[in-house]
Amino acid sequence: MKKVGIVMGSDSDLPIIKKATDMLESLNIPFEVHVYSAHRTPEEARIFSKTARERGFGVLIAAAGMAAHLAGAVAANTTLPVIGIPCKSSNLDGMDALLSTVQMPSGIPVATVAINGGANAALLAAQILAVEDKELASRLDAKRAADSAAVLEKDAKISAEFNK
Ligand code: RP5
């Protein structure tokens, strides 16, 4: 199976990345994690992105906060799908990172998830890999069914309490 490549702008973004790695582990998807900054280590970020396809990655996730240019900088250097996670790491509550990540110019797409959306970034990466992987698609179907069952269980509890 192709790997998911994860880069974060700073190790202070790790709690958000942990949500992604937990999800990938639960789905049995191989991944690699790095700290590469678009501003502090631009050359390392560029080399990682340029060589990602030949190194066996199928999709990349890039997480950054503040003036969050990492996902865009990664996308500029690969045609692998790139998922951006805007991180809430300033007193602008992540709106700065959201706008910096989502407002890409035509020609260089970044699929941006919600602010701090680590779990959804991993799920979207899994769904991209599942296009060519039936077993992974089955695992995703099973997860959807389990998630739905958990919500129905909550509905049953709430209904029993309020709907007499
Ligand atoms: C961004 O600046 C990082 O992605 C992080 O969210 C934010 C703060 O970084 P540190 O100052 O904590 O290293 O580049």
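Residues numbered from 1 in each chain as written. Predicted model: local features only at pLDDT ≥ 70, side-chain atom pairs only at ≥ 80, totals over all residues. Heavy atoms only, no water.

So what's going on with the site of the ligand? Which residues, and what values?
Within the structure, the ligand sits among G9, S10, S12, D13, R40, A64, G65, M66 and S89. At 2.7 Å, a side-chain N or O of S12 approaches an oxygen atom of the ligand. One of the side-chain N or O atoms of S89 is found 2.9 Å from an oxygen atom in the ligand. When the free accessible area of the ligand is taken as 360 Å², the share hidden by the protein chains comes to 74%. When each cavity is represented as a set of grid points, the ligand is found to reside in the largest pocket. Considered class by class, the residues forming the shell around the ligand number two nonpolar, five polar and two charged. (Near = heavy atom within 4 Å. Polar contact = N/O pair within 3.5 Å; in protein donor to acceptor, adjacent residues only side chain to side chain. Areas by Shrake-Rupley, 256 points an atom, 1.4 Å probe, with all protein chains shown as cover. 1 Å grid on protein atoms, 1.4 Å probe; cavity = no way out; pocket = protein on both sides within 12 Å on 5 of 7 lines; lining within 4 Å. Sits in = over half its atoms within 2 Å of the grid points. Nonpolar A, V, L, I, M, F, W, Y, C, P; charged D, E, K, R; others polar.)

A description of the environment of R46 should follow, citing residues and the corresponding values.
In this fold, R46 is placed in helix 2 (residues 42-51). Since its relative accessible area comes to 33%, R46 is described here as partly exposed. A distance of 2.8 Å separates a polar atom in the side chain of R46 from a polar atom in the side chain of E43. (Helix = DSSP H or I, 4+ residues; strand = E, 2+ residues; numbered from the N terminus. Buried < 20%, exposed > 50% of the residue type's maximum accessible area, 1.4 Å probe, protein only.)

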